[in-house]
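Summary of the model geometry
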Amino acid sequence: MFGFNTAKRADRWEEPEGFESVFATQGFSTVSNISHSDGIVAGTRIATAMGWRPVEAMAAGDMVMTFDHGMRPVRAVHRSHLFAGRAKLPRSMMPLAVPEGALGNASPMLLLPEQNVLVESDLAEAVFGDPFALIPAAALEGYRGITRITPHQRIEIITLQFDEDEVIYANGTGMIHCASVHGTSISAMIDEVTGYVVLPMDMAQQIVAQMIKVDALG
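Residues numbered from 1 in each chain as written. Predicted model: local features only at pLDDT ≥ 70, side-chain atom pairs only at ≥ 80, totals over all residues. Heavy atoms only, no water.

So, about the pattern of salt bridges. Under the counting rule described, the total for this entry stands at six salt bridges. A salt bridge links Arg79 to Glu156; the shortest N-O distance between them is 3.4 Å. Pair noted here: Arg79 is in strand E6 (residues 76–82) and Glu156 is in strand E12 (residues 155–161), with a separation of 77 residues, a long-range link. Given a relative accessible area of 44%, Arg79 falls into the partly exposed group. (Salt bridge = Lys/Arg side-chain N within 4 Å of Asp/Glu carboxyl O. Helix = DSSP H or I, 4+ residues; strand = E, 2+ residues; numbered from the N terminus. Buried < 20%, exposed > 50% of the residue type's maximum accessible area, 1.4 Å probe, protein only.)

And the structure:
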């Protein structure tokens, strides 16, 4: 198992200067109400044929390393924003701040609560016969210092789409889901090769609770 640094707390994003230190180079100009279930927060670096690149620098045709299929071309890129203004952001929309190392990420990162994340779990292997499971990022709250934050700026959201549903690498070995450009359901990933399905929240929370217990045992 990878180590993780609890000294770099995710809650530093609660302060404007902490948030801006990570996303200072990003532009925040518009607001969108589209679903962000497959969106990636700008500033996240993903594994590509050209090395680690900020997701906001990606364009259609760029090659990205995927968990199941190696290098695959991005077919479409969509941009939107998560609003953070004077009105209080609903808790259900609050992003999750992930401390360095919590998910194998080499630097702190933000995840949208609806984003699906691939985790490795003994419980998942016992129940499904596969140690990897896709869970909603919201289920990770409380794991290794992962917490919801109230952002002090609008967050740019980048959605990458591929020919098929894919899992890509983010900020190191963190793994997040990206949808098919054809609108294929995540159920398309349930086959003899991957066996993946997004777990419902209650089951995902059980997986995370087991992961927390494993950490506690050392």
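What follows is about the confidence of the model for the protein chain. Per-chain confidence: the protein chain averages 80 in pLDDT, with 74% of residues scoring 70 or above. In this model residues 1–34 is a low-confidence stretch, pLDDT under 50, and it forms 79 contacts with partners more than four residues away in sequence or in other chains. (pLDDT = per-residue confidence, 0-100. Contact = heavy atoms within 4.5 Å.)

Judged by nonpolar contacts, the single largest core of 34 residues is most densely connected at Leu111, Leu140, Leu160 and Ile168. In terms of residue count, the dominant contributor to this core is helix H3 (residues 201–216) (four residues). Those residues in contact with Leu111 that sit more than four places away from it in its chain are Pro95, Leu96, Val98, Leu103, Val117, Ala137, Leu140 and Ile176. If you look at the next biggest cluster of nonpolar residues, it comprises eight residues, including Leu82, Leu110, Leu112 and Ile149. (Core = buried A, V, L, I, M, F, W, Y, C linked by side-chain atoms within 4.5 Å.)

For the structure on display, the rule yields two aromatic pairs. When the centroid spacing of 5.2 Å and the interplanar angle of 65° are considered together, the rings of Phe67 and Phe132 count as edge-to-face. Placement of Phe67 in the loop between strand E4 (63–66) and strand E5 (70–73) and of Phe132 in strand E10 (residues 132–136) is noted, with a sequence separation of 65 residues between them. The class for Phe67 is partly exposed, based on a relative accessible area of 24%. Assessed through its relative accessible area of 22%, Phe132 is described here as partly exposed. Among the aromatic residues, ring-to-ring pairing joins Phe67, Phe132 and Tyr169 into one connected group. (Phe/Tyr/Trp six-rings, centres within 6.5 Å; stacked < 30°, edge-to-face > 60°.)

Here we take up a nonpolar patch on the surface. A contiguous nonpolar patch, built from Val127, Phe128 and Met203 and spanning about 260 Å² of accessible area, is present on the exposed surface. Inspection of the secondary structure puts Phe128 in helix H2 (residues 122–128). (Patch = residues over 30% accessible without salt bridge, like charges linked within 9 Å, V, L, I, M, F, W, Y side chains within 5 Å. Areas by Shrake-Rupley, 256 points an atom, 1.4 Å probe, with all protein chains shown as cover.)

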